[in-house]
Amino acid sequence: MGQHTASQRKNVRILLVGDAGVGKTSLILSLVSEEYPEEVPPRAEEITIPANVTPEQVPTNIVDFSSVEQTDEALSAEINKAHVVCIVYAVDDDDSLDRITSHWLPLIRATCNAAAGSSADDSAASADGEVAEGLPEAVRKPIVLVGNKIDMIEYSTIDSVLAIMEDYPEIESCVECSAKTLHNISEMFYYAQKAVLHPTSPLYIMEEQDLTPACKKSLRRIFQICDIDGDNRLNDYELNLFQRRCFNTPLQPQILDEVKSVIQKNVPDGIANDAVTLKGFLFLHCLFIQRGRNETTWAVLRRFGYNDRLEMCQEYLRPPLKIPPGSSTELSHRGQQFLIAVFERYDRDCDGALSPEEHKMLFSTCPSSPWSYSMDIRKSCPTNDAGWVTLHGWLCRWTLMTLIDVVKTMEYLAYLGFNVHENDSQLAAIHVTRERRIDLAKRQSSRSVYKCHVIGPKGSGKTGLCRGFLVEDMSKLIGKEFKTNIVHCINAVQVYGQEKHLILRDIDVRHALDPLQPQEVNCDVACLVYDASNPRSFEYVARIYIKYYAESKIPVMIVGSKSDVDERRQDYLMQPSDFCEKYKLLPPHLFSLKTNKKELYTKLATMAAFPRFQAAWILFYKNRLVQLWQSAHLRQFALMTENPQIWWKAGLGVAAATMLGFIVLRTFNAVGTHSR
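Every chain is numbered on its own, with residues counted from 1 as its sequence reads. Residues qualify for local features only when their pLDDT is at least 70, as the model is predicted, and side-chain atom pairs are given and counted only at 80 or more; totals for whole chains, interfaces and linings, by contrast, use all residues. Values shown for side chains rest on all heavy atoms present in the structure; no hydrogens or waters enter the calculation.

**Section: helix α16 (residues 406-416)**
Burial here depends on accessible area, computed with a 1.4 Å probe over protein chains only, as a share of the maximum for the residue type. Under 20% is buried, over 50% is exposed, and the range in between is partly exposed. The numbering of helices and of strands both runs from the N terminus, where a helix is a DSSP run of H or I of at least 4 residues and a strand a run of E of at least 2. Taking burial as the measure, the 11 residues of α16 include 9 buried ones, the bulk of the element. Positive backbone phi, at 100 degrees, marks G417, one or two positions downstream of α16.

Below you can see the structure in the form of structure tokens.
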């Protein structure tokens, strides 16, 4: 099904071993000089074949071993360094063939096991320090059996070698060749390369003639990602898309029909409605491997991020992302579009929300869900009345994760197939904002996601304030229990006609004198909450402001919660309004779940979008001017309906009010600038 891609190895190291006189050195020299050497030294020097002359485009080192010149310790070292070992025997020497099972294979196994045990000891010894690199890539070293001197006999030893292969899964392939006639010399080294770059053992169980469980699991995930319409079949369009993604070439209609015919003939339920089922997809890859085309299956696996151990590569899951100090991370337009497509694909009933079953199916290509559906979703982002995440809530939850844990976002985008569908790494799904110091200098933020820390004493109502951000009717939350481990709430707000996301973080305060950590203080805007009905509540808020925010550049809003209850005079040296006036803050915002008014969240987002308070003052006084203008306009309208002769006076009045509004706004701009 097209061209294959090689493993991302930097080189392949091939070691040739075997009894004396079987022709190891002659094979190497014949390959290099393309002619049989008249004089053969006891051992050939290590040679390196450049990448551009190898079939797999990977530099290859070929190492010879001589029992005459080298010790057993040197042999063990070379076995451990090699990526693949070629055991050479002479086809005209039965003793050299017998020695494959009586000596060489047990020796190579014992050497590899000893190395693995040593690595395990090193790992245990370093458990208290840095994390160890772990065990070698495989305890079983790939083996290629090479029968030399085929020019000396008129029969084949392949049947005898195949019997050996059944007992030793590490044997990848076998080949007969002749150093003298150069027969199959290049093929021998190609098979050795292939044993390293496209190994059989992780994919296929020889004894069972079937794919390994790990291979099936990986291919099942790939099938699901490519099944765009979610009907559990790959139609012609999906198969062609799969072909182009993995091999960069389209699948010709004739070849596609032949592939389907082969599947139908061998696996009747591998084709349904002229489309390939999962069973047919797995059979196809099993057939590739049985026919010696491991590279095709490996090309597919590597395109979807798998390494030689059929694990997702860390560099595939976590591409390096540079985030300057003071910058934040948001979803890019491409990231949002991909997540919208994923949501719509798994919203099978098209009700605009993901049921628990649909949510579980969506993340079935991942090791687990990135969050708890029953608890996290309902308490961190908007949902429908049934508590199911809507498309809006879905994007909100991903926006939250991208800001607080962008590495996790990139991981799960890879699991869901962003790299394949978008034909790019997850970095294309992430936008890194400019540094906050630049925002402060320009007095305007370029971000679309802001973090607000909600701080207040126990019982102040800050958790209710956060939860109220997620629902349309806040009064439904009255009397409900808010205890939860979920500390973040996110929703969208409009700031001067632009949609912004505001994240509220409920800062847990255990005792009044407990200091706040830097990560609890630093944010885009702070919301300090006190209970307006509790005379001892404001003191905590005042102390927090003076200690952490008075000298900072972080905008602060002071909120008096539970304003539906009688407001009490605070037992503090200043009342909240006097305190705010002294420190040039907006007057305290009175808040209650019963009033069901959400302008508080818009104010907080606006203050974050326009740092250093300027926009907050403008917003406050602009709203007052609009109210005054509307009130004046209504009065003029009432007069006009009674006396049409004063229309011209009304026009002058409105013009004067408008001019006054511009003058006042400019004045507050100037005051705001001067106060900084």
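**A short note on the sheet that holds strand β16 (residues 449-455)**
Strands were regarded as paired on the criterion that DSSP finds at least two bridges between them. Strand order in this open sheet of 6 strands is β17-β18-β16-β19-β20-β21, and the pairing throughout is mixed. Looking at the sheet topology across the chains shown, the edges are occupied by β17 (488-495) and β21 (589-590). When strand β20 (residues 556-561) meets β21, the two strands line up parallel, connected through 2 bridges. In the strand pairing of β21, G560 is matched with L590. The strands touched by helix α21 (residues 538-549) within the sheet are β16, β19 (525-531) and β20, with β19 carrying the most contacts at an inclination of about 155 degrees. Whether two residues touch is decided by their heavy atoms; if any such pair falls within 4.5 Å, the residues are in contact. A fitted line through C-alpha atoms represents every axis, and for helices the fit uses only the stretch in contact; the resulting angles, taken between N-to-C directions, go from 0 to 180 degrees.

**Quick notes on the nonpolar core**
Ranked by internal contacts, the top residues of the largest apolar core, which has 75 residues, are I222, F304, F363, W394 and W398. Residue contributions to this core peak at 8 residues, all from helix α9 (residues 278-290). Setting aside anything within four residues of it in sequence, one finds F304 in contact with R221, I222, I225, C226, F242, C246, M312, Y316 and V420. Residues Y450, F469, V529 and Y601 belong to the second largest nonpolar core, which totals 29 residues. Put simply, a nonpolar core is a bunch of buried Ala, Val, Leu, Ile, Met, Phe, Trp, Tyr and Cys residues held in one set by side-chain atoms that sit within 4.5 Å of each other.

**Some thoughts on the pattern of salt bridges**
Two side chains bearing opposite charge may form a pair once their charged atoms approach each other closely. Here, a salt bridge means any Lys or Arg side-chain nitrogen found within 4 Å of an Asp or Glu carboxyl oxygen. Using the criterion set out here, one finds 23 salt bridges in the structure. Residue E46 pairs with R13 through a salt bridge whose shortest N-O separation is 3.1 Å. Here E46, found in the loop between α1 (24-33) and β2 (47-49), pairs with R13, found in strand β1 (residues 12-18); they are 33 residues apart in sequence, far enough to count as distant. By relative accessible area, which is 12% here, R13 ends up buried. Bridged by salt links that share partners, the residues R13, E46, E78 and K81 form one connected network.

**Here we look at the packing of helix α7 (residues 236-247) against helix α10 (residues 294-303)**
At their nearest, the axes of α7 and α10 sit 9 Å apart, and the two run at 90 degrees to each other. Relative to α10, the element α7 lies roughly perpendicular. Along its contact with α7, which presents F242, R245, C246 and F247, the element α10 presents T296, A299, V300 and R303. Charged means Asp, Glu, Lys or Arg here, nonpolar means Ala, Val, Leu, Ile, Met, Phe, Trp, Tyr, Cys or Pro, and polar covers whatever is left, Gly included. Classifying every residue of the contact of α7 with α10 by side-chain character gives 5 nonpolar, 1 polar and 2 charged. When an angle is under 35 degrees it counts as roughly parallel; over 145 it counts as roughly antiparallel; between 65 and 115 it counts as roughly perpendicular; any other value is oblique.

**What to know about the pairing of β16**
A regular strand carries its side chains on alternate faces of the sheet. Of all 7 residues that make up β16, 6 are buried, and the element is covered over most of its length. Where β16 meets strand β18 (residues 498-506), 6 bridges bridge the pair, whose relative direction is parallel. Of the residues in β18, the one forming a bridge with H453 is R505. In this sheet, β19 lies alongside β16 in parallel orientation, the contact comprising 4 bridges. Looking at β19, one finds that H453 is bridged to A526.

**Considerations on the sheet that holds strand β11 (residues 275-277)**
Read from one edge of the open sheet, 3 strands run β9-β11-β10, paired in antiparallel fashion. Looking along the sheet, the strands with just one partner apiece sit at the ends: β9 (233-234) and β10 (271-272). In this structure, β10 lies alongside β11, joined through 2 bridges in antiparallel fashion. Residue pairing in the sheet places A272 in a bridge with A275 of β11.

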